[in-house]
Amino acid sequence: VNNAINRVLSSLDPHSSYIDNRQLIQIEHRLNGSYKGIGLEFLMNKDTILITNVLESGPAKSNGFKVGDKILQINDVKVSGVNMKLRAVEDVISEHEGDAFDIDRLSANGSLISAKLLKEDIALPSVEKGVLISDSIGYIKVNHFAQKTYYEFMTQLDTLSSQGLKHLVLDLRQNPGGYLTQATKILDQLFNREGRLLVYTEGRTSKRQDYFTTGRNLFDVDQVAVLIDEGSASASEIIAGAIQDNDRGVLIGSKSYGKGLVQEQYNLSDGSAL
């Protein structure tokens, strides 16, 4: 059924897609900026579950889990050495009733360690911690545009401004986009004049909607450089395009993805979406 739906959608345009209920949960976690879990990301290496990321705010981090550790067993289910599919391992976690997980792992130094992890609310920030790369130049990387991206961006800008920021390097490389309004609100903070057109949307069945600068920027940023690459898409390209079209700053990098559209999500009754 999934294959049939995807084949139908592929005949419409390059960007319309079907998202099954499992994928939709993961996407919503990223866009909402948080989820309840244990804070581990992993992949299947041959027949072994290998930890690829340990989230800073999760219980796995506080229990000593490290990248490169191998997960052998989750509760009473062996997940390594039994040729289990990665999707089946994810099912073991997602379908487990309760908030406690007993996990056996093999550390990088060969030690066998057992730990009990309790699910916690884990933050998934879309903006990385900003840094000053000189006395007056700040660097902020935005990974995607989620519900709290504008707030996270302004928090980093506030911190760097108090340290002497005058110029900004905004890194949007490998940023696939996200919420349009989060991108336009960030853009607005980089212009000190009211009434500049940042972007507009218009569809066959939807009226044109313009997004203008308000002139109410909270921090004084002089020169701006935006880093982009072939992975910069959608909302990232809106920021890059507005900066370039208004001569507000310079773009550095390679040609971006080329996705000049805004998508809408239609939720279906089984928890999936178009």
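Reading the values: the criteria
All residue numbers refer to positions counted from 1 along the written sequence of the respective chain. Local features in a predicted model are, by the rule used here, given only for residues with pLDDT of at least 70; side-chain atom pairs are given and counted only at 80 or more, and totals for whole chains, interfaces and linings are based on all residues. Heavy atoms from the whole structure form the basis of all side-chain values; hydrogens and water molecules are not counted. What counts as a ring pair is set by centres within 6.5 Å for rings of Phe, Tyr and Trp (its six-membered ring), and what kind of pair is set by the plane angle: stacked under 30 degrees, edge-to-face over 60, tilted for all other angles. A ring has a charge above it when a Lys NZ or an Arg CZ is no more than 6 Å from the ring centre and no more than 35 degrees off the ring normal. Helix and strand definitions here come from DSSP, where helices need a minimum of 4 consecutive H or I residues and strands a minimum of 2 consecutive E residues; each element is numbered from the N-terminal end. Note on exposure labels: buried denotes an accessible area under 20% of the residue type's maximum, exposed denotes more than 50%, and partly exposed covers the range between, all computed with a 1.4 Å probe on protein chains only. Between two residues, a contact is recorded if the distance between any of their heavy atoms is within 4.5 Å. Side-chain atoms within 4.5 Å link the members of a nonpolar core, which is a set of buried Ala, Val, Leu, Ile, Met, Phe, Trp, Tyr and Cys residues. A helix's residues, less one, multiplied by 1.5 Å, set its expected span. Two strands qualify as a pair provided that DSSP identifies no fewer than 2 bridges between them. Axis definition: a line fit to C-alpha positions, over the contact stretch in the case of helices; interaxial angles, taken between N-to-C directions, run 0 to 180 degrees. Every case where a carboxyl oxygen of Asp or Glu lies within 4 Å of a side-chain nitrogen of Lys or Arg is listed as a salt bridge. Two N or O atoms count as a polar contact when they lie within 3.5 Å, although within protein this holds only if one can serve as hydrogen donor and the other as acceptor, and sequence-adjacent residues are included solely when both atoms are side-chain atoms.

## Observations regarding the packing of aromatic side chains
Phase 1 of the analysis: Counted according to the given criterion, the structure contains zero aromatic pairs.
Phase 2 of the analysis: Cation over ring: Arg105 sits above Phe65, and NZ or CZ is 4.1 Å from the ring centre.
Phase 3 of the analysis: In this structure, Arg208 packs its charged tip against the face of Tyr200, placed 3.6 Å from the ring centre.

## Quick notes on the environment of Lys66
Phase 1 of the analysis: Within the fold, Lys66 resides in the loop between helix 3 (59–62) and strand 4 (70–74).
Phase 2 of the analysis: Look at Lys66 and you get exposed, because its relative accessible area is 53%.
Phase 3 of the analysis: Sequence separation between Lys66 and Ser34 is 32 residues, and the spatial gap between their C-alpha atoms is 21 Å.
Phase 4 of the analysis: With sequence-adjacent residues up to four places away left out, Lys66 is seen in contact with Ile51 and Val54.

## Concerning the nonpolar core
Phase 1 of the analysis: Judged by nonpolar contacts, the single largest core of 33 residues is most densely connected at Phe153 and Ile239.
Phase 2 of the analysis: Elements with a contribution of two residues or more to this core: helix 5 (149–162), strand 11 (167–171), helix 6 (180–188), strand 12 (194–201), strand 14 (224–228) and helix 7 (235–245).
Phase 3 of the analysis: Those residues within four positions of Phe153 in sequence are excluded, and the remaining contacts are Val127, Ile140, Val142, Leu168, Leu170 and Ile186.
Phase 4 of the analysis: Within the second largest apolar cluster, 19 residues are counted, among which are Phe42, Val54, Phe65 and Phe101.

## Re helix 5
Phase 1 of the analysis: Over its 14 residues, helix 5 runs 20 Å from end to end, which matches the ideal 20 Å to within 8%, given 1.5 Å per residue.
Phase 2 of the analysis: Within the span of helix 5, buried status applies to Thr149, Tyr150, Glu152, Phe153, Met154, Gln156, Leu157 and Leu160.
Phase 3 of the analysis: Tucked inside the fold, the buried residues of helix 5 contact strand 9 (131–132), strand 10 (137–141), strand 11 and helix 6.
Phase 4 of the analysis: Count one or two residues on from helix 5 and you reach Gly164, which has phi positive near 110 degrees.

## A word on the sheet that holds strand 9
Strands pair in a sheet through their backbones, by hydrogen bonds, and they do so in one of two ways: parallel or antiparallel.
Phase 1 of the analysis: One open sheet accounts for five strands, arranged 9-10-11-14-15; its pairing is mixed. In this open sheet, the two edge strands, each paired with only one partner strand, are strand 9 and strand 15 (250–253).
Phase 2 of the analysis: Direction of pairing for strand 11 relative to strand 14: parallel, over a ladder of four bridges. Note that in strand 14 the partner of Leu168 across the bridge is Val224.
Phase 3 of the analysis: Docked against the sheet, helix 5 engages strand 9, strand 10 and strand 11, running at close to 160 degrees with respect to strand 10.
Phase 4 of the analysis: Sheet strands touched by helix 7: strand 11, strand 14 and strand 15. Its angle to strand 15, the strand with the most contacts, is close to 130 degrees.

## A few points about the pattern of salt bridges
Phase 1 of the analysis: Tallied over the full model, the rule gives ten salt bridges.
Phase 2 of the analysis: A salt bridge links Lys141 to Asp171, with the nearest nitrogen and oxygen atoms 3.9 Å apart. Highlighted residues: Lys141 in strand 10 and Asp171 in strand 11, separated in sequence by 30 residues.
Phase 3 of the analysis: According to the relative accessible area criterion, Asp171 is buried, its value standing at 1%.
Phase 4 of the analysis: A single network of salt bridges, built from pairs that share partners, joins Arg22, Glu90 and Asp91.

## Describing unusual backbone geometry
Phase 1 of the analysis: For Lys46, which is not a glycine, the phi torsion comes out positive at approximately 60 degrees.
Phase 2 of the analysis: Positionally, Lys46 belongs in the loop between strand 2 (40–45) and strand 3 (48–54).
Phase 3 of the analysis: Here the phi dihedral of Asn83 falls at roughly 55 degrees; this positive angle occurs in a residue that is not glycine.
Phase 4 of the analysis: Relative to the helices and strands, Asn83 is located in the loop between strand 5 (77–78) and helix 4 (86–94).
Phase 5 of the analysis: What makes Asn83 exposed here is its relative accessible area of 63%.

## Some points on the side chain of Thr48
Phase 1 of the analysis: Inspection of the secondary structure assignment puts Thr48 in strand 3.
Phase 2 of the analysis: A distance of 3.0 Å separates polar atoms of two side chains, one belonging to Thr48 and the other to Asp47.
Phase 3 of the analysis: Once residues within four sequence positions are removed from consideration, Thr48 is found in contact with Leu43, Lys70 and Ser80.

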